[in-house]
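Inside the fold
The residues making up each chain are set out below.
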Amino acid sequence: MATYKLLLLAGDGIGPEVMTEVVKVADWMAKAGIASFESENGLVGGAAYDAHGKAISEGDMKLAMESDAVIFGAVGGPKWDAVPYDVRPEAGLLRLRKDLGLFANLRPAICYPALADASSLKREIVEGLDIMIVRELTGGVYFGEPKEIIDLGNGQKRGIDTQVYDTYEIERIGRVAFELARKRGNKVTSSEKRNVMKSGVLWHEVTNALHKREYPDVQLDHMLADALGMQLVRWPKQFDVIVTDNLFGDMLSDVASMLTGSLGMLPSASLGEADKNGKRKAMYEPVHGSAPDIAGQGLANPIAMIASFGMALRYSFNLGEAADMLDKAIANVLASGLRTADIKGTAATTVSTTQMGDAILAELQKIK
Ligand code: NAD
């Protein structure tokens, strides 16, 4: 049985509550003989600021660099609203992304049949939905230079952001998307705005060349980002893997997230460059934040966090069967009618964070 090194960064607010449920799942996996985990606990966000005066310590950064996967809860909260900008809780998350070189953000949007009525769209549009948005995370307009506001001296100012992508950045995110598609529905939709943006023209050209050269077996379609936004709410089941840049990916993945009902259901993975052994630095985290409004009350839905761990099983440890089993356990628990408050719908009662975690463990035990 292989052993994997995890760094657990629970963070703030509901972070520690949902992380507790992941630890239970990891312990169960070890007992079931699937894999064992050497876990270290670190501090990030406000918790790290309180302890060290910065959003993540050098010691924890070192542990992150040495780990097989970082499992991240959530950071932030009103307590730290006034701390200096460079040590604010989110700075810990940005430092991890930067130093681990996490250029690929994977956000699945899966609509469990039992939750189809929680979506703002009609059941037949979202039921059984399973798409993956691959967003470029370290380039594009959020990082391009120049990035400034200049005074034009005539009472006017000018705000400038620069959208910039190099060939290698488009190729490496494209590879992540094509590789994923091969393990799923074998279809990639690449999205940009080549009708009005030069970076879009290059994105389209490089993706086509990569496809022809390395992935001719995968179906490749192109769709302008505005049209894709429209299609995501019109008929989202037409997509398998969507690959797009940082800006469009930010917006389109948020649109897709709402197809599935609740923030408490959405996992994510961020991956770095593959080394010569094919191993990537990686971080797994729920899409939601620290939810200060419900923290400490046992109300948080742990499914986004547990499903993020499921993505670690699949993408960092190559334990696809265990990941499938975990996804099935979650689906079965939802199908049995168990609900946390955020996905209550018309359910008569709700369960706590711990009860939801326990129910998923019991289901794992049943289907193993
Ligand atoms: P949020 O995601 O924390 O909460 C939004 C709403 O969704 C709240 O009503 C919350 O109760 C609910 N919610 C979120 N996760 C839930 C869960 N697992 N179960 C049940 N309900 C859940 O976003 P926000 O309120 O805008 O931000 C709160 C803090 O989190 C801020 O400090 C923000 O900066 C931070 N934040 C951190 C991250 C991160 O760590 N990656 C992401 C987003 C926001």
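The model shown is predicted, which means the values in this text are computed figures rather than measured ones. (Residues numbered from 1 in each chain as written. Predicted model: local features only at pLDDT ≥ 70, side-chain atom pairs only at ≥ 80, totals over all residues. Heavy atoms only, no water.)

So, on to the domain arrangement of the protein. For an interface, size is often stated in terms of accessible area lost upon the parts coming together. The domain architecture assigned to the protein consists of domain 1 (1-103 + 272-368) and domain 2 (111-260). Each of domain 1 and domain 2 was reduced to a C-alpha centroid, and the two centroids are 25 Å apart. Interface of domain 1 and domain 2: buried area, both sides summed, is about 1,200 Å²; carbon and sulfur atoms make up 69% of it. Together, F103, Y315 and L334 form the three largest contributors to the area buried by domain 1 at its contact with domain 2, with a combined 46%. At the boundary of domain 1 and domain 2, one finds one salt bridge. (Domains from an automatic or database assignment. Buried area = accessible area lost by both parts, 1.4 Å probe. Salt bridge = Lys/Arg side-chain N within 4 Å of Asp/Glu carboxyl O.)

Core analysis: the biggest nonpolar cluster contains 71 residues, and F37, I71, L106, V134, F309 and L313 have the highest contact counts within it. No fewer than three residues from each of domain 1 (1-103 + 272-368) and domain 2 (111-260) sit in this core. In this view, F37 contacts Y4, L6, A26, M29, F309, L313 and F317; residues no more than four positions away in its chain are not counted. (Core = buried A, V, L, I, M, F, W, Y, C linked by side-chain atoms within 4.5 Å. Buried < 20%, exposed > 50% of the residue type's maximum accessible area, 1.4 Å probe, protein only. Contact = heavy atoms within 4.5 Å.)

Before going further, it helps to spend a moment on helix α8 (residues 225-234). What α8 keeps buried is the set A225, L228, G229, Q231 and L232. Against β5 (130-136), β8 (187-192), β9 (219-224), β10 (241-244) and α9 (246-258) lie the buried residues of α8. (Helix = DSSP H or I, 4+ residues; strand = E, 2+ residues; numbered from the N terminus.)

Quick look at the environment of T350 now. Take T350: it is sitting in the loop between α11 (320-335) and α12 (353-367). Placed 59 residues apart in sequence, T350 and A291 show a C-alpha to C-alpha distance of 18 Å. For T350, the contacting residues outside a window of four places in its chain are R339, T340, A341 and K344.

Running from N to C, helix α1 (residues 15-31) and α12 point in directions that differ by 15 degrees, and their axes come no closer than 9 Å. Considered as vectors, α1 and α12 are oriented roughly parallel to each other. Pair α1 / α12 crosses with right-handed handedness. Counted together, E17, V18, E21, K24, V25 and W28 of α1 and T353, T354, G357, D358, L361, L364 and Q365 of α12 form the full contact between these two elements. Of the residues belonging to the contact of α1 with α12, the class tally is five nonpolar, four polar and four charged. (Axes fitted to C-alpha atoms, helices over the stretch in contact; angles between N-to-C directions. Parallel < 35°, antiparallel > 145°, perpendicular 65-115°, else oblique. Left-handed = near helix turned anticlockwise from the far one by under 90°. Nonpolar A, V, L, I, M, F, W, Y, C, P; charged D, E, K, R; others polar.)

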